[in-house]
Amino acid sequence: MSEYLSPSQAFEAYKLQPRQNAERSNTERLLENTGIAAIEMPLSAHDFERLSEGMGVCIEECPELLAETFYKADSRYGGEVGYVRKEKKVDQRTGLQTDDPKHYFHFMERARDYWRNRFAAGPKVLRDFLEDGFEIHDAMIGVAKQTVAELENTHPNMSQLYFPNNESFSFLRLLRYDGYEPYEGMGEVAKPHYDIGGVTIQAYADAPGFWAAKDGIDGERRHFDTAPGQAFAFLGKGHEKVYGKDDSMQPLWHGVDRIIPAGVTFVPERTAVILFLDAPEVDYHVRKSDTLPQLARTALVNA
């Protein structure tokens, strides 16, 4: 017997039946009409850049210990936390780069005590980086709580789904892309996809390119660049698993284009920070094919 509720069990247990005729908040209207909502961001660009710089220092001064932060903290799909280095990928058929080289780190609530104990005698730069991440993660959880509360008019008890007994289950992703010399034919920074989880907060990006398409894989792409004091909220496949494909708010198809100003010969390191919010007591049973439907299309074409 699973230790987690299935999506249908969660729908019944939390009494999540939507109210179709309820008055909408601005966030609800935006998510229904465009699939994405601009929300207030109390953290500054400096806060996020300081966190990114802290990881950069750890990469330089204690890379082996930083790598030891990685482990699978949760048995559900996507439950890995800590530091990962991703090298660039090149399409063997075309010779073109398809994935940028990058560093990323996933913070998660239940990993904190483990990391604090594991690295209690570790270098100060690593301990400071982790504590800075915990602080920013807590602030982002507060943003997520406010965002979910604004969806309660049409989706009663959603706060209980995501924050039962004030507990949260979320991943704060810090991305630090390598600098590079651009060349013709480079691929997208992030391929089109749906997110795994329930609610996503696109908190910060220091370079343009984030796009979203409300109507899915064939929908019109619109760019959304974060401004000071602003972030973007949207939904992932976890929401659809719980509320169904007929819900008024649907997961968002999105990605990141590569936008390079004319005349630029070197693109410096870039930073992005994203919060993924999940339901602590639910296993969405999301599969890779749910988040990348183009894989299913390719399989049908090749069948």
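These remarks concern the structure in this document. Keep in mind that this is a model prediction, so the values were computed, not measured.

Looking now at the pairing of strand E3 (residues 80-86). Both strand E2 (residues 71-72) and E3 contribute to a ladder of two bridges, which runs antiparallel. Looking at E3, one finds that Lys 72 is bridged to Glu 80. Where E3 lies against strand E6 (residues 102-108), five bridges are found, and the strand directions are antiparallel. Pairing of Lys 86 across the sheet is with Lys 102, part of E6.

Attention now moves to the sheet that holds strand E9 (residues 199-205). Reading across from one edge, E1-E12-E9-E14-E7-E6-E3-E2 is the order of the eight strands in this open sheet, with antiparallel pairing throughout. Edge positions in the sheet fall to strand E1 (37-40) and E2, since each has one partner strand and no second. Pairing of E9 with strand E14 (residues 270-278) involves six bridges; the strand directions are antiparallel. Looking at E14, one finds that Ile 201 is bridged to Leu 275. The sheet strands contacting helix H3 (residues 45-61) are E3, E6, strand E7 (169-177), E9 and E14, and the helix crosses E7 at an angle near 70 degrees.

Let us look at the packing of H3 against helix H6 (residues 124-149). Where H3 meets H6, the axes come as close as 9 Å, and the angle between the chain directions of the two elements is 150 degrees. Taken together, the axis directions place H3 and H6 in an arrangement best described as roughly antiparallel. In this structure, the crossing between H3 and H6 has a hand that is left-handed. Judged by residue contacts, Asp 47, Phe 48, Arg 50, Leu 51, Gly 54, Met 55, Val 57, Cys 58 and Glu 61 of H3 engage Val 125, Leu 126, Phe 129, Asp 132, Gly 133, Ile 136 and Met 140 from H6.

With that settled, the discussion passes to the pattern of salt bridges. Counted under the stated rule, the structure contains 15 salt bridges. Ionic pairing is found between Lys 72 and Glu 80, a salt bridge with its closest N-O pair at 3.3 Å. Residue Lys 72 is classed as partly exposed on the basis of its relative accessible area of 43%. Here Glu 80 falls in the partly exposed class, since its relative accessible area comes to 30%. For the salt bridge of Asp 138 with Arg 112, the shortest nitrogen-to-oxygen distance reads 2.9 Å. With a gap of 26 residues between them, Asp 138 in helix H6 and Arg 112 in helix H5 (residues 112-118) connect regions that are remote in the sequence. When salt bridges that share partners are traced, they join Asp 74, Arg 76 and Arg 110 into one network.

Conventions and cut-offs
- Residues numbered from 1 in each chain as written.
- Predicted model: local features only at pLDDT ≥ 70, side-chain atom pairs only at ≥ 80, totals over all residues.
- Heavy atoms only, no water.
- Pairing = 2+ DSSP bridges.
- Helix = DSSP H or I, 4+ residues; strand = E, 2+ residues; numbered from the N terminus.
- Contact = heavy atoms within 4.5 Å.
- Axes fitted to C-alpha atoms, helices over the stretch in contact; angles between N-to-C directions.
- Parallel < 35°, antiparallel > 145°, perpendicular 65-115°, else oblique.
- Left-handed = near helix turned anticlockwise from the far one by under 90°.
- Salt bridge = Lys/Arg side-chain N within 4 Å of Asp/Glu carboxyl O.
- Buried < 20%, exposed > 50% of the residue type's maximum accessible area, 1.4 Å probe, protein only.

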